[in-house]
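For reference, the chains in residue letters:
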Amino acid sequence: MILKQVVAIVCLSGLLSACNFAAPTPTATSVPTATPIPIPTIPTIAVTATRALSATSSRTATITVTASPTPLPSARPTITLTSAPTWTPWPTNAFVGDQFKKVDLPKAVTDTVGKTWLSFVNISDANPPGTPGTPVTSSNKESVYLVSPDGSNRVKVIDLAASTDRHIYWSPDGAFMAYFVPDGNFPGLYLLDLVNKTTTRLFEMTDLNPRGFQIDPAWSPNSKELTVALTTPYSVNVYSVAVDGTGYRDLSASGSFDLWPMWSPDGAYLAFTSDRAKCPSWVPGEADSCYAPDATPPTGGNLYVLDAVSHQVRLMSDLLITSAPHWVTATRLAFNAPASAAKGGSRPWWVDLRGGPPHPVTDSDLSESAQALRESWSPDGHNVVYQEVDTASRIALRSEVGKLIAHLDQFNFPRFGFTAAWSPDGKKIAIGGHNGQCPFGMLLTDDALKVLVNAPPAPGICDPSWSPDGKYIAFSGITQSNGTGDARDGRFDLYISESSGYATRNLTGKLGGQIRFLGWIKGG
């Protein structure tokens with residue numbers, strides 16, 4: 001049957017000159033011979049017919065197909081869809097309370113509890129060869145020190161990994177020291193108990209930047225609780241834990257970004273910022289969630305306070321705040337917020353817990369593009385000094401309603417390179433540089449910005465800080481390379497002066513390595 005079909009194909013196509021092999025008798029109706037029509041694009045078919053004689057008389061035909069040189073149409077391109085980015089859930093940095101160890105603290109350290117001290121870090125604690133004060137190569141060690149205000153007594157508390165740097169947080173009474181270790185086998189936030197001579201890891205974490213926000217831990221005024229902002233799978237919440245490891249709790253209890261916690265001086269309220277008014281939740285699938293695969297996280301939030309007794313949360317300001325607020329008094333909060341969204345300026349603002357709307361520190365002499373940088377409020381909250389930057393830069397002192405009291409134009413600090421500190425009685429202001437930019441020496445004014453002391457820049461001072469009793473001014477200072485002139489070797493030391501701004505003394509000049517000033521411990 002197969003051979004019959006092949007013979008028919010061959011005879012019809014005219015490709016063979018004769019059909020010279022046996023075939024079955026054709027039917028009564030003959031098939032006319034077709035004239036082939038040449039079609040160049042159709043593949044050429046070559047046919048080879050064979051006859052194999054065997055006991056079964058089987059016959060086969062082989063057909064070979066050769067492609068035409070005419071190209072075929074190309075295939076339709078495949079479209080690959082790229083999925084939208086998604087938020088990767090983060091593990092919650094829950095309380096762990098592990099790595100408990102006893103530490104060997106001398107009596108000189110435990111005796112510091114309850115007293116007023118200065119604290120600093122010395123990275124690479126080694127006496128340098130040659131001249132005291134000469135910088136030495138940093139090691140992988142840093143030492144935490146306490147020094148008495150008059151400089152007569154210096155006590156080394158503990159040695160830590162140098163990566164801890166200045167991430168050290170003393171409790172107000174000096175009985176506890178929280179510190180952050182970012183690397184090693186057991187990274188996290190630790191607690192040193194000076195009285196019981198123990199260390200414990202409170203939280204397992206590798207940074208203090210939950211979802212990109214730099215947020216330092218905050219102590220309660222009574223030194224009994226440590227408050228920390230921690231990541232949740234999709235947001236940031238504020239947690240608190242007692243120094244004995246009990247009472248771990250979520251204070252803000254939301255699915256929003258809750259940032260920069262800070263206790264009031266009396267411990268009655270906890271201030272923080274949150275985007276909860278705009279985004280009640282960032283958890284996928286929850287009601288009113290702001291989550292979307294391509295959603296942009298917030299840059300800050302509005303100001304809230306939490307009542308420590310009733311746990312009620314109250315909105316204090318609906319302005320966008322992108323930096324930490326701070327308490328001026330037990331009832332007054334201060335923060336920095338935009339003056340105009342279009343012009344990019346900023347103002348100091350304040351709000352009182354007892355009522356009333358937020359108040360900007362502004363006046364008709366201020367343009368909408370003027371920026372208020374690194375403001376410092378008087379202890380009573382009625383005046384504020386800050387770096388005012390517009391077409392030029394100056395130090396400005398204004399009242400709480402914005403009236404310009406005084407200004408200094410001759411001290412040109414770099415942007416964000418200014419710091420001011422009020423004396424505890426509010427009668428003097430110590431002014432210095434910040435972030436390593438310290439172009440001026442001791443600069444001391446009265447409460448109306450009248451210059452009392454304008455010392456030569458030897459040393460240049462950064463981040464001045466008054467002692468709790470107002471008797472001393474401590475600051476970081478750039479050491480002179482030869483003790484005279486203005487040549488500096490880049491090393492910072494811890495200095496202290498009398499409240500008059502004079503009688504300056506170097507407290508760390510005989511130590512090697514680098515110095516990091518941590519601040520005052522009030523004691524009591």
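Refer to the structure printed above.
Please read these numbers as outputs of a predicted model, since none were measured by experiment.

This paragraph deals with the pattern of salt bridges. Evaluation of the coordinates by the stated rule reveals 14 salt bridges. Between Arg 332 and Glu 400 there is a salt bridge, and its shortest N-O distance comes to 2.7 Å. On the criterion of sequence distance, the pair formed by Arg 332 in strand β20 (residues 332-338) and Glu 400 in the loop between β25 (393-399) and β26 (404-408) is long-range, its members being 68 residues apart. Of the two residues, Arg 332 and Glu 400, both sit in the buried class. A salt bridge links Asp 365 to Arg 398, with the shortest nitrogen-to-oxygen separation between them at 2.8 Å. With Asp 365 in the loop between β22 (359-360) and β23 (371-377) and Arg 398 in strand β25, this pair connects stretches of sequence that are 33 residues apart. Counted as one network, the salt bridges with shared partners bring together Asp 365, Glu 388, Arg 394 and Arg 398.

Residue Pro 459 is bonded to the preceding Ala 458 through a cis peptide linkage, with omega at 5°. Positive phi values are uncommon outside glycine, yet Arg 211 reaches one of about 50°. On the secondary structure map, Arg 211 appears in the loop between β10 (198-203) and β11 (218-219). In this structure, Phe 416 is a non-glycine residue whose phi angle is positive, near 60°. The partly exposed category is assigned to Phe 416, whose relative accessible area is 44%.

Moving on, we get to the sheet that holds β22. Reading across from one edge, β19-β20-β21-β22 is the order of the 4 strands in this open sheet, with antiparallel pairing throughout. Looking at the sheet topology across the chains shown, the edges are occupied by β19 (326-327) and β22. Of the pairings in the sheet, the one linking β19 to β20 comprises 2 bridges and is antiparallel in character. Each bridged residue has a counterpart across the sheet, and for Trp 327 the counterpart in β20 is Leu 333.

Another aspect to go through is the environment of Ala 295. Looking at the secondary structure, you find Ala 295 in the loop between β16 (269-274) and β17 (301-307). Taking C-alpha positions, Ala 295 is 9.7 Å from Trp 282, a pair spaced 13 residues apart along the chain.

All right, on to the state of the cysteines then. If you walk through the whole model with that rule in mind, you get 2 disulfides. The disulfide that involves Cys 279 links it to Cys 290, with 2.1 Å between the sulfurs. Here the S-S torsion is close to -95°, and the disulfide linking Cys 279 with Cys 290 is therefore left-handed. With Cys 279 in the loop between β16 and β17 and Cys 290 in the loop between β16 and β17, this pair connects stretches of sequence that are 11 residues apart. Residue Cys 290 is classed as partly exposed on the basis of its relative accessible area, which comes to 23%. A disulfide bridge connects Cys 438 with Cys 462, and the sulfur atoms are separated by 1.8 Å.

Attention now moves to the sheet that holds strand β15 (residues 258-263). The sheet built from 4 strands is open, its strands ordered β15-β16-β17-β18 with antiparallel pairing. The open sheet has two edge strands, β15 and β18 (313-321), and neither has a second partner. On average, adjacent strands in this sheet sit at an angle of 20° to one another, irrespective of strand direction. The pairing of β15 with β16 spans 4 bridges and is antiparallel.

Within the secondary structure, Gly 301 is located in strand β17. Classification of Gly 301 as buried rests on a relative accessible area of 3%. Each C-alpha atom, one on Gly 301 and one on Leu 259, is 7.9 Å from the other, the two residues being 42 residues apart in sequence. When near neighbours in sequence (up to four residues on either side) are disregarded, Gly 301 contacts Thr 273, Ser 274, Asp 275, Leu 319, Leu 320 and Ile 321.

Time to look at the pairing of β23. Note on strand geometry: in a regular strand, side chains alternate between the two faces of the sheet. For β23, the tally of buried residues reaches 5 of 7 residues, placing the bulk of the element in the interior. Where β23 and strand β24 (residues 383-389) come together, 5 bridges link them in antiparallel fashion. Bridging across to β24, Trp 377 finds its partner in Val 384. The turn linking β23 back onto β24 is made up of 5 residues, and Gly 381 within it adopts a positive phi angle of 80°.

By the secondary structure assignment, Ser 264 is in the loop between β15 and β16. A polar side-chain atom of Ser 264 sits 2.7 Å from a polar atom in the side chain of Asp 266.

On to the nonpolar core. If you look at the biggest cluster of nonpolar residues, it comprises 21 residues, and the most contacted ones within it are Val 144, Val 157, Ile 168, Trp 170, Met 177, Tyr 179 and Leu 192. Secondary structure elements with two or more residues in this core: β4 (117-123), β5 (141-147), β6 (154-161), β7 (168-170), β8 (176-181) and β9 (188-193). At 4 residues, the largest contribution of residues to this core is made by β6. In this structure, Leu 192 is in contact with Val 103, Leu 105, Val 157, Ile 158, Ala 175, Phe 176, Met 177, Tyr 179, Thr 198 and Thr 199, ignoring residues within four places of it in sequence. Residues Phe 180, Leu 191, Phe 203 and Tyr 239 belong to the second largest nonpolar core, which totals 17 residues.

Here is what the cut-offs are and how they apply
- Residues numbered from 1 in each chain as written.
- Predicted model: local features only at pLDDT ≥ 70, side-chain atom pairs only at ≥ 80, totals over all residues.
- Heavy atoms only, no water.
- Salt bridge = Lys/Arg side-chain N within 4 Å of Asp/Glu carboxyl O.
- Helix = DSSP H or I, 4+ residues; strand = E, 2+ residues; numbered from the N terminus.
- Buried < 20%, exposed > 50% of the residue type's maximum accessible area, 1.4 Å probe, protein only.
- Pairing = 2+ DSSP bridges.
- Disulfide = S-S within 2.5 Å.
- Axes fitted to C-alpha atoms, helices over the stretch in contact; angles between N-to-C directions.
- Contact = heavy atoms within 4.5 Å.
- Polar contact = N/O pair within 3.5 Å; in protein donor to acceptor, adjacent residues only side chain to side chain.
- Core = buried A, V, L, I, M, F, W, Y, C linked by side-chain atoms within 4.5 Å.

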